[in-house]
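Examining the three-dimensional arrangement
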Amino acid sequence: MTSIVVDHVTVDFPIYGASHQSLRHALLSRTGGLIRREGERRNQRVIVRALDDVAFTLNNGDRIGLVGHNGAGKSTLLRVLAGVYTPNSGTVRVDGKISPLLNAAPGLDLDDSGYENIKTCGMFLGMSGDEVARKLPGIAEFSELGEYLDLPIRTYSSGMLTRLCFAIATAIDPDILLLDEGIAAGDARFASRAEGRMHALIERTRILVLASHSEALIRTMCNRGVLLEKGRVVALGPIDDVFAEYQRRNAEAASQAG
Amino acid sequence: MATEATPVKTRRRWKLFSLEPQYGAAWNDLVGGLYEWRIWGRLGWQEIKRRYRRTALGPFWATASLGMFIGGMVFIWAPLFRTNVASYLPFLGAGLVVWSLVNSLICEGCTVYANGGNVITQMNFPYSILNYVAVWRNIIVFFHNVLIVVAINIALSIKVTIYTLLVVPGLFLVAVNCAWMTVVLGIVGARYRDIPPLVGNIMQVMMFVTPVFWAAGQLPPEAQPFLKLNFLLHLIEVLRAPMLGERPMLISYAVTLLAAVGGWAFAFVFFAHFRRRIAYWL
């Protein structure tokens with residue numbers, strides 16, 4: 001049984017190297033998590049509360065879209081689910097094999113060739129050497145990079161790099177897939193092929209968590225949504241309800257500002 | 001599975017570590033990472049291969065530079081110490097080759113996690129893989145540099161003795177000791193960015209304070225006990241002496257063995273306390 005149980009999770013980021021001047025600006029800003037200063041006058045530390053008492057449960061078949069403004073905590077939440085950040089308080093319990101596709105494929109090295117990177121990243125993502133070897137032709141074919149795969153990837157355009165990362169990352173068979181939006185890109189033809197592969201991958205995946213600013217992307221891929229605002233979950237439920245709430249809040253904020 | 005949510009306390013407290021240790025996670029990381037030898041073995045090789053690309057000598061550039069340094073220094077230091085080049089050169093060569101292994105492991109140790117940020121902030125994996133990569137890669141570089149010692153030993157017909165075999169346990173002791181130091185320094189270096197340059201400076205001084213250019217026996221007897229307080233002396237000794245076909249001091253084995261056990265115990269506890277904070281510092 002694949003599941004994720006997030007229980008009263010709070011994540012605080014200590015910010016090092018923030019001067020008190022820049023702090024003053026930070027306190028006045030309106031986006032992002034709650035920023036506070038702690039401690040007596042000396043030893044003051046700047047702390048950003050990126051997630052505040054977040055709790056929800058995901059089960060088999062849940063395809064969750066994370067919705068919210070920049071800095072609302074979407075990427076932090078994905079990283080907490082991926083086990084990158086251990087919450088300051090609360091617990092995350094995950095049953096199932098997780099595959100995180102956040103910025104790029106992990107372990108990528110610009111001076112290595114495409115083939116070498118497929119092997120390194122594949123191993124980082126938990127494939128055995130044999131498994132990588134078995135899947136290599138499929139990955140190579142899907143990336144459509146042809147002979148470029150023999151060249152160091154620093155010679156690739158950013159679109160080509162995305163193709164490579166996407167091809168590697170979607171070759172694994174995870175129970176739980178965590179996606180940050182950057183991963184889906186490339187030219188139009190690749191995008192449609194990527195979409196096909198992505199849908200096939202999502203079919204195989206038990207739980208999907210996708211963070212994106214694109215309402216269209218989330219609506220095509222997700223059945224439920226989580227709306228985050230300043231690190232708090234303000235709405236959780238069917239995707240239509242969550243977007244309705246998001247728009248209502250946006251309109252409210254706009255009328256207050258205007 | 002609900003645990004009581006305890007708000008994080010950021011006030012300074014009279015307690016060495018304010019975090020609850022996670023011994024299980026630390027064990028899984030440090031020991032589990034060792035089992036991932038396919039990954040760290042590959043990453044270490046890849047980094048060496050990268051150095052070979054587009055250069056004729058690759059990692060041998062480091063060997064060449066070390067060789068030239070030794071070749072230059074020996075003609076100044078041998079007369080300064082009133083010894084002849086033939087007897088001083090093997091000592092200096094072996095000493096500097098071993099020193100450069102220890103030195104680069106300690107200096108690189110400070111940045112293992114800071115430079116691994118690309119992976120650490122992407123996924124949950126045994127961070128210790130990064131430590132093992134650093135150790136493994138530096139051992140490969142050591143095997144490049146060791147050619148200097150081989151060349152000197154052949155040229156000056158230094159005898160291969162039964163003690164030469166002690167190179168194997170010597171290298172093992174150096175690797176095991178440096179490995180725990182990269183864990184501790186890696187954590188401190190990820191949090192405090194002053195550590196890498198600070199350690200670099202200290203190591204530069206240590207190169208002259210530790211008997212690398214000069215032999216311990218050259219100091220007066222009353223200085224000997226103080227000399228033995230230097231951990232790096234013993235770490236160098238267990239590998240340098242066998243390379244010269246000599247038996248290392250027994251105290252050096254005692255010290256390095258004890259340090260390996262004690263150091264790893266400390267590194268384990270330290271890692272258990274701070275592992276989960278590393279991602280926050282990057």
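On a predicted model such as this, the values are computed, not experimentally measured, just so you know.

1. A closer look at the packing of helix α2 (residues 37-52) of chain B against helix α7 (residues 128-155) of chain B
Residues and elements named next belong to chain B. At a closest axis distance of 8 Å, the pairing of α2 and α7 adopts a crossing angle of 45°. It follows from the interaxial angle that α2 and α7 lie oblique. As α2 runs across α7, the sense of the crossing is right-handed. Where α2 approaches α7, its residues Ile-39, Trp-40, Gly-41, Leu-43, Gly-44, Trp-45, Glu-47, Ile-48, Arg-51 and Tyr-52 are matched on the opposing element by Ile-129, Tyr-132, Val-133, Trp-136, Arg-137, Ile-140, Val-141 and His-144. Class assignment for the residues of the contact of α2 with α7 results in twelve nonpolar, three polar and three charged.

2. Overview of the pattern of salt bridges
This model, assessed by the stated rule, comprises 23 salt bridges over all chains. The shortest N-O distance in the salt bridge between Asp112(A) and Arg53(B) comes to 3.2 Å. Of this pair, Asp112(A) sits in the loop between β6 (98-101) and α3 (114-124) while Arg53(B) sits in the loop between α2 and α3 (60-80), which puts the two residues in different chains. We classify Asp112(A) as buried; its relative accessible area is 1%. One network of salt bridges, in which partners are shared, links Asp109(A), Asp112(A), Glu116(A), Lys49(B), Arg50(B) and Arg53(B).

3. A look at the packing of aromatic side chains
All names here are of chain B. Enumeration over the complete set of coordinates arrives at 22 aromatic pairs over all chains. Summarising the aromatic geometry, the rings of Tyr-113 and Tyr-127 are spaced 6.3 Å apart at their centres and angled 55° between planes, so their arrangement reads as tilted. With Tyr-113 in helix α5 (residues 112-115) and Tyr-127 in the loop between α6 (117-120) and α7, the pair connects residues that are 14 residues apart, well separated along the chain. The same class applies to Tyr-113 as to Tyr-127, namely buried. Each member of the aromatic cluster is reached from another via a ring pair, and the members are Phe-69, Trp-77, Phe-81, Tyr-88, Phe-208 and Phe-213. Over the ring of Tyr-192 we find Arg-191; its NZ or CZ atom is 4.3 Å from the centre of that ring.

4. A look at the sheet that holds strand β9 (residues 224-229) of chain A
The pairing of strands in a sheet comes from backbone hydrogen bonds and takes either a parallel or an antiparallel form. Residue and element names in this part refer to chain A. Taken together, the six strands give an open sheet; going across it, the order is β6-β7-β8-β4-β9-β10, and neighbouring strands pair in mixed fashion. The open sheet has two free edges, formed respectively by β6 and β10 (232-238), since each of these has just one partner strand. Going from strand to strand, the sheet's axes swing by 15° on average, the running direction of each strand aside. By the bridge criterion, six bridges tie β9 to β10 in an arrangement that is antiparallel. Paired with Glu-229 across the strands is Arg-232, a residue of β10.

5. Comments concerning the interface of chain B and chain A
At the interface, 34 residues of chain B touch 40 residues of chain A. Buried area between chain B and chain A, summed over both chains or domains, comes out near 3300 Å², and the portion from carbon and sulfur atoms is 51%. Where chain B meets chain A, there are five salt bridges. The set of elements that each furnish at least two residues to the side of chain B that touches chain A consists of α2, α6 and α12 (250-281) of chain B.

6. Observations concerning the packing of helix α8 (residues 167-191) of chain B against α12(B)
All names here are of chain B. One can describe the packing of α8 onto α12 by two numbers: an axis separation of 8 Å at closest approach and a directional angle of 30°. Compared by their axis directions, α8 and α12 come out roughly parallel. In the packing of α8 onto α12, the handedness of the crossing is left-handed. Of the residues belonging to the contact of α8 with α12, the class tally is 21 nonpolar, three polar and one charged.

7. Examining the pairing of strand β8 (residues 207-211) of chain A
Residues and elements named next belong to chain A. Most of β8 sits inside the fold, with five of its five residues counted as buried. Residues Ile-207, Val-209 and Ala-211 line one face of β8 and the alternating positions Leu-208 and Leu-210 line the opposite face, and both faces are buried. Judged from the four bridges that link them, strand β4 (residues 63-67) and β8 form a sheet pairing that is parallel. Residue pairing across strands places Leu-66 opposite Ala-211, the latter belonging to β8. The sheet contact formed by strand β7 (residues 176-180) and β8 spans five bridges and is parallel. Of the residues in β8, the one forming a bridge with Ile-176 is Ile-207.

Basis of the calculations
- Residues numbered from 1 in each chain as written.
- Chains lettered and ligands numbered in written order.
- Predicted model: local features only at pLDDT ≥ 70, side-chain atom pairs only at ≥ 80, totals over all residues.
- Heavy atoms only, no water.
- Axes fitted to C-alpha atoms, helices over the stretch in contact; angles between N-to-C directions.
- Helix = DSSP H or I, 4+ residues; strand = E, 2+ residues; numbered from the N terminus.
- Parallel < 35°, antiparallel > 145°, perpendicular 65-115°, else oblique.
- Left-handed = near helix turned anticlockwise from the far one by under 90°.
- Contact = heavy atoms within 4.5 Å.
- Nonpolar A, V, L, I, M, F, W, Y, C, P; charged D, E, K, R; others polar.
- Salt bridge = Lys/Arg side-chain N within 4 Å of Asp/Glu carboxyl O.
- Buried < 20%, exposed > 50% of the residue type's maximum accessible area, 1.4 Å probe, protein only.
- Phe/Tyr/Trp six-rings, centres within 6.5 Å; stacked < 30°, edge-to-face > 60°.
- Lys NZ or Arg CZ within 6 Å of the ring centre and 35° of its normal.
- Pairing = 2+ DSSP bridges.
- Buried area = accessible area lost by both parts, 1.4 Å probe.

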